[in-house]
Amino acid sequence: QAGISIAGLSAGIVNGLLGAGGGMVLVPLLSTLTDLPESQMFGTSVCTLLPVCVISLLFTTGWDSFSFMDALPYLAGSVLGGCAAGFFGKKIPTLWLHRILGIFILWGGIRYL
């Protein structure tokens, strides 16, 4: 149980400081610190990210500077993308999902340099 708490705390800190990225931290930590099967790690990470993002939003910007109407077009696309990823993601081998994630992490890191 301590491993799960450490993984969650680390994901929350990264997500709160950077506004995103908790999953980049959470999945590898779940792999290292817990005995969860790999098939459950991604689902656990995704399930954890929603409340972490809401809490990060509240503490970093507060509800007064958040415009739901500005976010609405992105939410619609995100829901469609999430549905597509949920459907097709089951058909992609885990190794390739890791590689795709690694590419996105590298691309994001290079962009922010």
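Residues numbered from 1 in each chain as written. Predicted model: local features only at pLDDT ≥ 70, side-chain atom pairs only at ≥ 80, totals over all residues. Heavy atoms only, no water.

A look at the overall build of the chain
Looking only at helices and strands, the chain has five helices and zero strands in total. Expressed as a percentage of the 113 residues in the chain, the buried residues total 17%. Put simply, 39% of the contacts in the chain that link residues at least 6 apart link residues at least 24 apart. The centroid of the 4 positive side-chain charges in the chain is displaced by 17 Å from the centroid of its 4 negative side-chain charges. (Helix = DSSP H or I, 4+ residues; strand = E, 2+ residues; numbered from the N terminus. Buried < 20%, exposed > 50% of the residue type's maximum accessible area, 1.4 Å probe, protein only. Contact = heavy atoms within 4.5 Å. Lys, Arg positive; Asp, Glu negative; His and termini not counted. Charge placed at Lys NZ, Arg CZ, Asp CG, Glu CD.)

Some details on the nonpolar core
Residues A7, A11, L26, L30 and M41 constitute the largest nonpolar core, which totals five residues. Elements supplying a minimum of two residues to this core: α1 (2-18) and α2 (22-33). (Core = buried A, V, L, I, M, F, W, Y, C linked by side-chain atoms within 4.5 Å.)

Concerning the environment of M69
On the secondary structure map, M69 appears in helix α4 (residues 68-89). Residues M69 and F88 lie 19 residues apart in sequence; the distance between their C-alpha atoms is 29 Å.

What about the state of the cysteines?
One pass over the full model with this rule turns up zero disulfides. Unpaired in terms of disulfides, C83 finds its nearest cysteine sulfur in C47, a separation of 16 Å. For C83, a relative accessible area of 52% gives the class exposed. (Disulfide = S-S within 2.5 Å.)

So, a nonpolar patch on the surface
A grouping of I92, L95, W96, I100, F104 and W107 is seen on the molecular surface, where their side chains present a nonpolar patch of about 640 Å² in accessible area. Within the element layout of this structure, L95 appears in helix α5 (residues 94-112). (Patch = residues over 30% accessible without salt bridge, like charges linked within 9 Å, V, L, I, M, F, W, Y side chains within 5 Å. Areas by Shrake-Rupley, 256 points an atom, 1.4 Å probe, with all protein chains shown as cover. Salt bridge = Lys/Arg side-chain N within 4 Å of Asp/Glu carboxyl O.)

Considerations on the packing of aromatic side chains
With the rule as written, the count across this model stands at two aromatic pairs. Look at F104 and W107: their rings are 6.3 Å apart centre to centre, the planes differ by 70°, and that puts the pair in the edge-to-face class. One end of the pair is F104 and the other is W107, both in helix α5 and three residues apart, which spans about a single turn. What makes F104 exposed here is its relative accessible area of 53%. (Phe/Tyr/Trp six-rings, centres within 6.5 Å; stacked < 30°, edge-to-face > 60°.)

Some points on the packing of α2 against helix α3 (residues 38-60)
Contact pair α2 / α3: the axes reach a minimum separation of 9 Å and the direction vectors enclose 140°. When the axes of α2 and α3 are compared, the pair comes out oblique. As α2 runs across α3, the sense of the crossing is right-handed. Where α2 abuts α3, its residues G22, G23, L26, V27, L30 and S31 lie against M41, F42, T44, S45, T48 and L49. Of the residues assigned to the contact of α2 with α3, the class counts are six nonpolar, six polar and no charged. (Axes fitted to C-alpha atoms, helices over the stretch in contact; angles between N-to-C directions. Parallel < 35°, antiparallel > 145°, perpendicular 65-115°, else oblique. Left-handed = near helix turned anticlockwise from the far one by under 90°. Nonpolar A, V, L, I, M, F, W, Y, C, P; charged D, E, K, R; others polar.)

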